[in-house]
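# Fold and geometry: a report
Chain by chain, the residues run as shown.
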Amino acid sequence: MKTLIYLVIGIFFGIVLFKSEAASWFRIYEMFQFDSFHMYGIIGSALAIGVLGIQLIKKIGIKSFYGEKISFIPKEKGFKRYLVGGIFFGLGWALAGACPGPIFTLLGAGFLPILVVLLSAVLGTYIYGLLKDKLPH
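Residues numbered from 1 in each chain as written. Predicted model: local features only at pLDDT ≥ 70, side-chain atom pairs only at ≥ 80, totals over all residues. Heavy atoms only, no water.

Let us look at helix 5 (residues 100–108). Of all the residues in helix 5, the buried ones are Pro102, Ile103, Thr105 and Leu106. Just downstream of helix 5, Gly110 is the residue with a positive phi angle, here 100°. (Buried < 20%, exposed > 50% of the residue type's maximum accessible area, 1.4 Å probe, protein only. Helix = DSSP H or I, 4+ residues; strand = E, 2+ residues; numbered from the N terminus.)

Following this line, the structure appears as structure tokens:
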């Protein structure tokens, strides 16, 4: 039953991404050219909802689907790894025109050339898995 709930939420999220044009290559291009507020508004809204959601989870004590307490573990302080990771993520996003969520949304919408991007993302993840012990973390 929980798998069905996740599937329905995922489909709803994909529809929202597509209808809001967050999966549109043109909108992503506009964002990187600083030509439009559209994508910044979507990202800012998501950030605000995420912050409020986390604060509610902490204050009210909302539990997971499995009835477990949700806890947040503070991350290590650091600048370099987030800078390097953000640059790689941003470059991939800019070159491909899609981050991981919209890749599946565009595939579901019937844009088959996005399969090249999906396969490249999977290959990049695999290569990272091979090299992760040799990389600074």
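Empty space among the atoms becomes apparent when a probe as large as a water molecule is rolled across them. Volume-wise, the largest pocket comes out at about 810 Å³. Lining the largest pocket are 24 residues, and of these Val84, Gly85, Phe88, Phe89 and Tyr128 lie nearest its centre. Going through the elements one at a time, helix 4 (80–96), helix 5 and helix 6 (114–131) are the ones with two or more residues in the lining of the largest pocket. Considering every element that reaches the lining of the largest pocket, the biggest residue donor is helix 4, with 9 residues. (1 Å grid on protein atoms, 1.4 Å probe; cavity = no way out; pocket = protein on both sides within 12 Å on 5 of 7 lines; lining within 4 Å. Points joined across faces, edges and corners; volume = space filled by probe spheres on them.)

Quick look at the packing of aromatic side chains now. What the rule picks out here adds up to 1 aromatic pair. Plain terms: the ring middles of Phe34 and Tyr40 are 6.2 Å apart, the flat faces sit at 5° to each other, and that makes the pair stacked. Judged by its relative accessible area of 32%, Tyr40 falls in the partly exposed class. (Phe/Tyr/Trp six-rings, centres within 6.5 Å; stacked < 30°, edge-to-face > 60°.)

Before going further, it helps to spend a moment on the pattern of salt bridges. Applying the stated criterion across every chain yields a total of 2 salt bridges. The salt bridge involving Arg27 is made with Glu21; its shortest N-O contact spans 2.7 Å. Through salt bridges with shared partners, a single network forms among Glu21, Arg27 and Glu30. (Salt bridge = Lys/Arg side-chain N within 4 Å of Asp/Glu carboxyl O.)

Now for the side chain of Glu30. You can see Glu30 is positioned in helix 2 (residues 25–32). In this structure the side chain of Glu30 is engaged in a polar contact, spanning 3.0 Å, whose partner is the side chain of Arg27. The residues touching Glu30, leaving out its near neighbours within four places in the chain, are Asp35 and Ser36. (Polar contact = N/O pair within 3.5 Å; in protein donor to acceptor, adjacent residues only side chain to side chain. Contact = heavy atoms within 4.5 Å.)

Let us look at the packing of helix 2 against helix 4. Two numbers describe how helix 2 lies on helix 4: the axes approach to 9 Å, and their chain directions differ by 130°. It follows that helix 2 is oblique to helix 4 by the angle criterion. Remark: the crossing between helix 2 and helix 4 carries left-handed chirality. For the pair formed by helix 2 and helix 4, the contact residues are Trp25, Ile28, Met31 and Phe32 on the first element and Gly90, Trp93, Ala94 and Ala96 on the second. Here the residues of the contact of helix 2 with helix 4 are counted per class, giving 7 nonpolar, 1 polar and no charged. (Axes fitted to C-alpha atoms, helices over the stretch in contact; angles between N-to-C directions. Parallel < 35°, antiparallel > 145°, perpendicular 65-115°, else oblique. Left-handed = near helix turned anticlockwise from the far one by under 90°. Nonpolar A, V, L, I, M, F, W, Y, C, P; charged D, E, K, R; others polar.)

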